[in-house]
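# Structural overview
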Amino acid sequence: MAYRGFLLVNLVIFSSLSVVFASDPSPLQDFCVADPQSAVLVNGFACKNPKQVQANDFFFSGLHLPGNTSNPVGSKVTPVTVVQIPGLNTLGISLARIDFAPRGINPPHTHPRGSEILTVIEGSLEVGFVTSNPENRLITKVLQKGDVFVFPIGLIHFQRNIGDGSAVAIAALSSQNPGVITIANAVFGSTPEISSDLLVKAFQVDKSVVNYLQSKF
Ligand SMILES: *[C@@H]1O[C@H](CO)[C@@H](O)[C@H](O)[C@H]1NC(C)=O
């Protein structure tokens, strides 16, 4: 009997541990179209009255349009998240188009709330992500049109157009609001600034280098 009890306890523990959340919390109704005007604070947006929900609440137009890549990094992300489609609220998915000028990059960044699956629809990209400490292993690959690559949630990743023409990718993410932390902007361009003395020690460089980077971001 003691052994059966032990098995039962194990079963209960295993069952509870096997409940994992791989994306945003699951909806408990057909949909919960975001009501951005609501003052109610929830994990996401409050729901619009379902009787007033229209097809346009689930709709976005414009992902066929190239983003403007005339900027220092030579890339432009066009996001389609719960901000653009209120009907994505609580559904745990979103989409983005990324345009690259020749040699343009999407600089090292991370999505705190979502994994990303990306496909190249024009041109060729060098992509990569770095595993967490202490290994910090770079996992990298060259992608051609039609290739698909995955960036696991939270890991720092990047893309670079290695072709002579422009490149275009479509990325799907496992959150209605995956968030973006662009490493250089966050570390050297925060408001207010992180103390330059701290950054001198963290990056083991001269203060002039830190000041220069802070001026760039
Ligand atoms: C693209 O962005 C640049 C820099 O902001 C701007 O000068 C240019 O007019 C934009 N081009 C288009 C087509 O919007």
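Look up: the structure comes first, before these words.
Position numbers for residues start from 1 in each chain and track the written sequence from start to end. At least 70 in pLDDT is required for a residue's local features to be given in this predicted model, at least 80 for side-chain atom pairs to be given and counted, and no such filter applies to totals for whole chains, interfaces and linings, which use all residues. Only hydrogens and water are set aside when side-chain values are computed; all heavy atoms of the structure are taken into account.

### A short note on the packing of aromatic side chains
Pairing of aromatic rings covers Phe, Tyr and Trp, the last counted by its six-membered ring, and requires centre-to-centre distances within 6.5 Å; plane angles under 30 degrees mean stacked, over 60 mean edge-to-face, and any other angle means tilted. Evaluation of the coordinates by the stated rule reveals four aromatic pairs. Ring geometry for Phe-129 against Phe-149: centres 6.2 Å apart, planes inclined by 45°, an arrangement best described as tilted. Taken together, the residues span a long stretch of sequence, with Phe-129 in strand S5 (residues 125-130) and Phe-149 in strand S7 (residues 148-151) at a distance of 20 residues. Both residues of the pair, Phe-129 and Phe-149, belong to the buried class. The way it works is that DSSP assigns letters per residue, a run of H or I at least four long becomes a helix, a run of E at least two long becomes a strand, and they are numbered from the N terminus. Here's how the labels work: a residue is buried when its accessible area is under 20% of the maximum for its type, exposed when over 50%, partly exposed in between, all with a 1.4 Å probe on protein chains only.

### Remarks on the side chain of Thr-110
Tracing the backbone through its elements, the reader meets Thr-110 in strand S3 (residues 105-110). Take Thr-110: its relative accessible area is 8%, and that puts it in the buried class. Two N or O atoms count as a polar contact when they lie within 3.5 Å, although within protein this holds only if one can serve as hydrogen donor and the other as acceptor, and sequence-adjacent residues are included solely when both atoms are side-chain atoms. In terms of polar contacts, Thr-110 uses its side chain to reach the backbone carbonyl oxygen of Gly-154, at 2.8 Å. What makes two residues a contact is simply this: any of their non-hydrogen atoms within 4.5 Å. Beyond its immediate sequence surroundings of up to four residues, Thr-110 is in contact with Gly-154, Leu-155, Ile-156, His-157, Gly-179, Val-180, Ile-181 and Ile-183.

### Examining the sheet that holds S7
Two strands are counted as paired when DSSP detects at least two bridges linking them. Strands sit in the order S1-S2-S9-S4-S7 across an open sheet of five strands; the sheet is antiparallel. Among the strands making up the open sheet, the edge pair consists of strand S1 (75-80) and S7. Pairs of neighbouring strands in the sheet enclose a mean axial angle of 20°, with direction left out of account. Bridge analysis of S1 against strand S2 (residues 94-100) gives six bridges, and the strand direction is antiparallel. Paired with Ser-75 across the two strands is Phe-100, which belongs to S2. To define axes, lines are fitted to C-alpha atoms, for helices over the stretch in contact only, and angles between the resulting N-to-C directions are given on a 0 to 180 degree scale.

### Regarding a nonpolar patch on the surface
A grouping of Ile-117, Val-148 and Val-150 is seen on the molecular surface, where their side chains present a nonpolar patch of about 250 Å² in accessible area. Mapping Ile-117 onto the fold places it in strand S4 (residues 116-122). A patch consists of residues exposed above 30% relative accessible area that lack any salt bridge, with like charges linked at up to 9 Å and nonpolar side chains (Val, Leu, Ile, Met, Phe, Trp, Tyr) linked at up to 5 Å. Residue exposure ignores everything except the shown protein chains as possible cover, and the areas themselves are Shrake-Rupley values with a 1.4 Å probe. A side-chain nitrogen of Lys or Arg and a carboxyl oxygen of Asp or Glu constitute a salt bridge if their distance falls within 4 Å.

### Observations regarding helix H3 (residues 196-203)
Two or three places before Asp-197, at the opening of H3, Ser-195 has a side-chain oxygen 3.3 Å from that residue's backbone nitrogen. Among the residues trailing H3, Gln-204 stands out with phi positive, at a value near 55°.

### What about the side chain of His-157?
Structurally, the position occupied by His-157 is in strand S8 (residues 156-161). On the basis of relative accessible area, His-157 is assigned to the buried category, the value being 1%. A polar side-chain atom of His-157 sits 3.4 Å from a polar atom in the side chain of His-111. Residues within four places of His-157 in sequence aside, it is in contact with Pro-107, Pro-108, His-109, Thr-110, His-111, Glu-116, Gly-128, Phe-129 and Phe-151.

### Some remarks on the environment of Gly-189
Secondary-structure assignment places Gly-189 in the loop between helix H2 (183-188) and H3. For Gly-189, a relative accessible area of 24% gives the class partly exposed. Sequence separation between Gly-189 and Lys-216 is 27 residues, and the spatial gap between their C-alpha atoms is 7.9 Å.

### Here we look at the pattern of salt bridges
Per the counting criterion, the structure on display carries six salt bridges. A salt bridge links Lys-207 to Asp-197, with the shortest nitrogen-to-oxygen separation between them at 2.9 Å. With a gap of ten residues between them, Lys-207 in helix H4 (residues 207-216) and Asp-197 in helix H3 connect regions that are remote in the sequence. Taking the relative accessible area as the measure of exposure, Lys-207 reaches 40% and is therefore partly exposed.

Remember, this is a structural readout, not a statement about activity or role.
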